[in-house]
Amino acid sequence: MAGTLNEDRPTHCRCLPPGEPGKRFVYYYSRLSDLGLAPEIIDVAETKLITLRCVPLENWLHPDRSKSERLAMGRLLYRRLEELHGHGICHRDMHVGNV
């Protein structure tokens, strides 16, 4: 489940709610991560979940990217959202800074 921390790979730390809600969050997040639908988990502690930080979508939409790269990212994003919905999951906070 957990990957290896590497200084060259930016990470993100999520604070977990205490007790059962935090354990439930880690359980479901790890399932999504295993399916490739959430960033890789690096470490889990009592109060935090450390994951890889992905390249922000705004970087993929930058004009320096080729049209084919931007289209490929759009198609990948569409497929990932279809997969999430296929598992009964609704993102509920979809925007460029949170993809």
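Refer to the preceding data block for the structure.
Residues numbered from 1 in each chain as written. Predicted model: local features only at pLDDT ≥ 70, side-chain atom pairs only at ≥ 80, totals over all residues. Heavy atoms only, no water.

Draft legend 1. Just the sheet that holds strand E3 (residues 48-52), in detail. On the basis of which strands lie adjacent, the open sheet formed by 3 strands has the order E1-E3-E2 and antiparallel pairing. Each edge of the open sheet is held by one strand with a lone partner, namely strand E1 (11-15) and strand E2 (41-44). Direction aside, neighbouring strands of the sheet carry axes that sit 20° apart on average. Relative to E3, E2 is paired through 3 bridges, and the arrangement is antiparallel. Bridged to isoleucine 41 within E3 is threonine 51. Together, E1, E2 and E3 form the strand contacts of helix H1 (residues 20-34), whose direction differs from that of E2 by roughly 165°. (Pairing = 2+ DSSP bridges. Helix = DSSP H or I, 4+ residues; strand = E, 2+ residues; numbered from the N terminus. Axes fitted to C-alpha atoms, helices over the stretch in contact; angles between N-to-C directions. Contact = heavy atoms within 4.5 Å.)

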